[in-house]
Amino acid sequence: MIRHVVSWRLAATEPAARAADAAAIVERLEALVGVVPEIRTLQVGTDVVGNPNWDVVLIADYEDLGALARYQVHPAHEVAAAFIRSVAAEKAAVDVQF
């Protein structure tokens with residue numbers, strides 16, 4: 001199993017815009033469940049304590065590296081990723097095999 005963990009720091013500096021962008025990321029990523037068959041599990045959420053480092057995190061599991069690669073190029077994922085790139089200032093990702 002591959003666990004894919006991604007964190008984003010959003011570009012917006014105004015709190016309402018930041019919250020709206022975070023909510024939109026969550027909505028778009030959660031919508032991939034059932035659309036992208038490679039997703040085994042997917043959790044996405046926003047920071048709840050005001051951490052200055054990261055605003056949104058995704059934790060998703062895939063059967064293997066091939067499934068992760070197919071997820072990355074799935075058209076629905078590419079649409080979500082394009083939106084995220086448009087509102088994120090920074091991204092950190094790690095993929096771990098269990």
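Our subject in this report is the structure included herewith. Since the model is a prediction, treat every value here as computed from it, not as a measurement.

Basis of the calculations
- Residues numbered from 1 in each chain as written.
- Predicted model: local features only at pLDDT ≥ 70, side-chain atom pairs only at ≥ 80, totals over all residues.
- Heavy atoms only, no water.
- Helix = DSSP H or I, 4+ residues; strand = E, 2+ residues; numbered from the N terminus.
- Rg over C-alpha atoms; globule rule 2.2 N^0.38 Å.
- Buried < 20%, exposed > 50% of the residue type's maximum accessible area, 1.4 Å probe, protein only.
- Areas by Shrake-Rupley, 256 points an atom, 1.4 Å probe, with all protein chains shown as cover.
- Lys, Arg positive; Asp, Glu negative; His and termini not counted.
- Charge placed at Lys NZ, Arg CZ, Asp CG, Glu CD.
- Pairing = 2+ DSSP bridges.
- Axes fitted to C-alpha atoms, helices over the stretch in contact; angles between N-to-C directions.
- Contact = heavy atoms within 4.5 Å.
- Polar contact = N/O pair within 3.5 Å; in protein donor to acceptor, adjacent residues only side chain to side chain.
- Phe/Tyr/Trp six-rings, centres within 6.5 Å; stacked < 30°, edge-to-face > 60°.
- Lys NZ or Arg CZ within 6 Å of the ring centre and 35° of its normal.
- Core = buried A, V, L, I, M, F, W, Y, C linked by side-chain atoms within 4.5 Å.

**Brief notes about the overall build of the protein**
Tallying secondary structure elements over the protein gives three helices and four strands in all. Each helix (α) and strand (β) of the protein, taken in turn from the N terminus, gives the series β-α-β-β-α-α-β. Relative to the compact-globule value of 13 Å for 98 residues, the protein shows a C-alpha radius of gyration of 13 Å, a close match. Dimensions of the protein, computed from the C-alpha atoms along their principal axes, are close to 40 × 25 × 20 Å. Buried positions account for 37% of the 98 residues belonging to the protein. Carbon and sulfur atoms form 57% of the exposed surface of the protein, whose accessible area is close to 5600 Å². Averaged over its 8 positive side-chain charges, the protein has a centre that lies 3 Å from the centre of its 13 negative ones.

**A look at the sheet that holds strand E4 (residues 88–97)**
Pairing is antiparallel in the open sheet, where four strands are placed in the order E2-E3-E1-E4. The open sheet has two edge strands with one neighbour each: strand E2 (39–46) and E4. Put simply, the sheet's adjacent strands are angled 10° from each other on average, direction ignored. Here strand E1 (residues 2–10) runs beside E4; their pairing, made up of nine bridges, is antiparallel.

**Focus on the environment of aspartate 55**
Position of aspartate 55 relative to the elements: it lies in the loop between E2 and strand E3 (56–62). Aspartate 55 sits 33 residues away from alanine 88 along the chain, and the two C-alpha atoms are 9.4 Å apart. Residues in contact with aspartate 55, not counting those within four places in the same chain, are Trp8, Arg9, Leu10, Arg18, Gly45, Thr46 and Asp47. Side-chain polar atoms of aspartate 55 contact the backbone nitrogen of leucine 10, separated by 2.7 Å.

**Quick word on the packing of aromatic side chains**
The geometry of an aromatic ring pair comes down to the distance between the two centres and the angle between the two planes. Scanning all chains against the criterion turns up one aromatic pair. Ring centres of tyrosine 62 and tyrosine 71 lie 4.9 Å apart, and the angle between their planes is 40°; this geometry places the pair in the tilted category. Tyrosine 71 gets classed as buried once you look at its relative accessible area, which sits at 1%. Above the plane of the ring of tryptophan 54 lies arginine 9, whose end atom (NZ or CZ) is 4.7 Å from the centre. Here the basic side chain of arginine 28 rests over the ring of phenylalanine 83, its NZ or CZ set 3.8 Å away from the ring centre.

**Some remarks on the nonpolar core**
Within the largest apolar cluster, 25 residues are counted, with the highest numbers of intra-cluster contacts made by Trp8, Ile25, Leu29, Leu58 and Tyr71. Of all the elements in the fold, those that place two or more residues in this core are E1, helix H1 (15–30), E2, E3, helix H2 (65–73) and helix H3 (75–87). Here the element with the most residues in this core is H1; it accounts for five residues. If sequence neighbours within four positions are ignored, leucine 29 has contacts with Trp8, Leu42, Val44, Leu58, Tyr71, Ala80 and Ile84.

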